[in-house]
Amino acid sequence: ARMVFASMKGGVGRSTALAVLAVDLSRTRNVLVVDLDLEAPGLGQMLIADADRPRFGALDWYMESSLQAVEPAFLEEMVAPSRLRAGNGLIDVVPALGTSADEHPANVLAKLSRAYLGGVDEQGATTFLQQTRKLIDNLVVRSQYDAVLVDARAGLNETTAAAILGLGADVLLFGVDTPQTFAAHRYLLAHLSRFPSEPYTEHDWLPCLKVVHAKAAADPVAQQRFRDNAFRAFDEFLYRDVPMETNDEASAPLTRREFGLEDREAPHHAWVVLSDANYFQFDPLSEPSHVNESVYRPSFDGFVKAARERMGLEEGR
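The shown structure was predicted, so the numbers you read here are calculated from the model rather than taken from an experiment.

A.B. asks: Any chance you could break down the sheet that holds strand β2 (residues 31-35) for me, citing the residues and the numbers?
C.D. replies: On the basis of which strands lie adjacent, the open sheet formed by 8 strands has the order β3-β4-β2-β7-β1-β8-β9-β12 and mixed pairing. Only two strands of the sheet have a single neighbouring strand rather than two, namely β3 (80-81) and β12 (271-274). Note that strand β1 (residues 2-7) and strand β7 (residues 147-151) share 4 bridges and pair parallel. Residue pairing across strands places Phe5 opposite Asp151, the latter belonging to β7. Sheet strands in contact with helix α1 (residues 14-25) are β1, β2, β4 (91-94), β7 and β8 (170-175), and its direction is about 165 degrees off that of β7.

A.B. asks: Any chance you could break down the side chain of Asp151 for me, citing the residues and the numbers?
C.D. replies: Structurally, Asp151 is set in strand β7. Among the polar contacts made by the side chain of Asp151, one reaches the side chain of Arg14 at a distance of 2.6 Å. Those residues in contact with Asp151, other than ones at most four positions away along the chain, are Phe5, Arg14, Ser15, Leu18, Val34, Asp35, Leu36, Asp37 and Leu43.

A.B. asks: Tell me about the pairing of β4, and name the residues and values.
C.D. replies: Both faces of the sheet carry side chains from a regular strand, because those side chains alternate between them. Across the two faces of β4 the burial is the same, with Ile91 and Val93 and Asp92 and Val94 all buried. Pairing of β2 with β4, which is carried by 4 bridges, proceeds in the parallel orientation. Across the sheet, the residue bridging to Val33 is Val93, located in β4. Two strands pair when backbone bridges link them, and β3 and β4 are joined in this way by 2 bridges, in the antiparallel orientation. Following the sheet pairing, Pro81 is matched in β4 by Asp92.

A.B. asks: Residues and numbers for the environment of Pro196, please.
C.D. replies: Following the sequence through the fold, Pro196 ends up in the loop between α9 (179-192) and β9 (209-216). Put simply, Pro196 and Leu238 are 42 residues apart on the chain and 8.3 Å apart in space, counted from C-alpha to C-alpha.

A.B. asks: Lay out the environment of Asn88 with the relevant residues and their values.
C.D. replies: By the element assignment, Asn88 lies in the loop between β3 and β4. Exposure remark for Asn88: the relative accessible area of 75% places this residue in the exposed category. Taking the C-alpha atoms as reference, Asn88 lies 9.9 Å from Leu25; in sequence the two are 63 residues apart. The contacts of Asn88, once residues within four sequence positions are left out, are Ser26 and Arg27.

A.B. asks: Pulling in residues and values, what's your account of unusual backbone geometry?
C.D. replies: Residues apart from glycine generally show negative phi values, whereas peptide bonds are mostly found in trans. A positive phi angle, close to 50 degrees, is found at Lys215, a residue other than glycine. With respect to the helices, strands and loops of the structure, Lys215 is situated in strand β9. Here Lys215 falls in the partly exposed class, since its relative accessible area comes to 43%.

A.B. asks: Could you give me a rundown of α9, with the residues and numbers involved?
C.D. replies: Owing to its 3.6 residues per turn, the α-helix aligns residues three or four sequence positions apart on the same side. Compared with the 20 Å implied by 1.5 Å per residue over 14 residues, the 20 Å span of α9 between its first and last C-alpha is a close match. When α9 is considered as a whole, its buried residues turn out to be Thr181, Phe182, Ala184, His185, Leu188, Leu189, His191 and Leu192.

A.B. asks: Which residues make up the layout of surface pockets, and what are the values?
C.D. replies: Each pocket or cavity is described by its volume, and for the largest pocket that value is around 420 Å³. Lys210, Arg264, His269, Trp271 and Ala306 are the residues nearest the centre of the largest pocket, which is lined by 16 residues in total. The set of elements that each furnish at least two residues to the lining of the largest pocket consists of α10 (220-237), β12 and α11 (293-311). Take the lining of the largest pocket: its biggest share by element is 5 residues, from α11. Residue classes in the lining of the largest pocket are distributed as 6 nonpolar, 4 polar and 6 charged.

Conventions we followed
- Residues numbered from 1 in each chain as written.
- Predicted model: local features only at pLDDT ≥ 70, side-chain atom pairs only at ≥ 80, totals over all residues.
- Heavy atoms only, no water.
- Pairing = 2+ DSSP bridges.
- Helix = DSSP H or I, 4+ residues; strand = E, 2+ residues; numbered from the N terminus.
- Contact = heavy atoms within 4.5 Å.
- Axes fitted to C-alpha atoms, helices over the stretch in contact; angles between N-to-C directions.
- Polar contact = N/O pair within 3.5 Å; in protein donor to acceptor, adjacent residues only side chain to side chain.
- Buried < 20%, exposed > 50% of the residue type's maximum accessible area, 1.4 Å probe, protein only.
- Expected span 1.5 Å × (residues − 1).
- 1 Å grid on protein atoms, 1.4 Å probe; cavity = no way out; pocket = protein on both sides within 12 Å on 5 of 7 lines; lining within 4 Å.
- Points joined across faces, edges and corners; volume = space filled by probe spheres on them.
- Nonpolar A, V, L, I, M, F, W, Y, C, P; charged D, E, K, R; others polar.

Take a look at the structure:
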């Protein structure tokens, strides 16, 4: 199961939610976490102790793969275990940057500029999306992972669209209840409308999207307002009219809107992460209580259960 964590703005708790879910899953499952937020890396420092950091990160892989085939030994130097695992499972982490970036910090910005250009392999030119697919496919064959959690680049950009459309994953769109969130969502959804989702085919990507109401108030009215705003954005650009079944062949075809406002399975019907002062400064390596189940459950319980169900990894299964 693969799940991409995306947001139009930073600071909305996206990486925190990913870390909490990874720890929760690790009680019984093996998890791979990949930090693709190359311009604002953070998961590496959040989940990997300094002594365990790998030599290379995802950014190094994009550079290396743009020049030549990447050997398995290189991949082994990109993956580090997290000490935050909560049970019998594993949390393996691929940070955006490894220790080589610390040794040569002046090279990082140049590598970033090059990474998004794609590369060349034996079949010819490759795009950033194709490279990303290859990266994740190469990583998952290393071990038996039950879940792959990908932290995508924040903001409006082509790489976010690539992660949404091209990785065969469920995609969570995190946002807080501000006008800026829904303005940015409109731009993103308008861009995605250029790539029609085709029902009943492998290209039916729309049901893979899910909005997450982050840092939410425990107020049903406020949560409904967020859901209403999300519905308007999705309904404007992505929801379609679909045919209704009818027994009267002589009548004109009837249609209905694909998703309704209160349809809990609809992309706009947000999962909720409650605002919690315990998570204003999330640093689980220094404060292990941040990933203690009794601490995160009050705010993240609904989110964790929904994500587990979406991935088919419910507790007890």
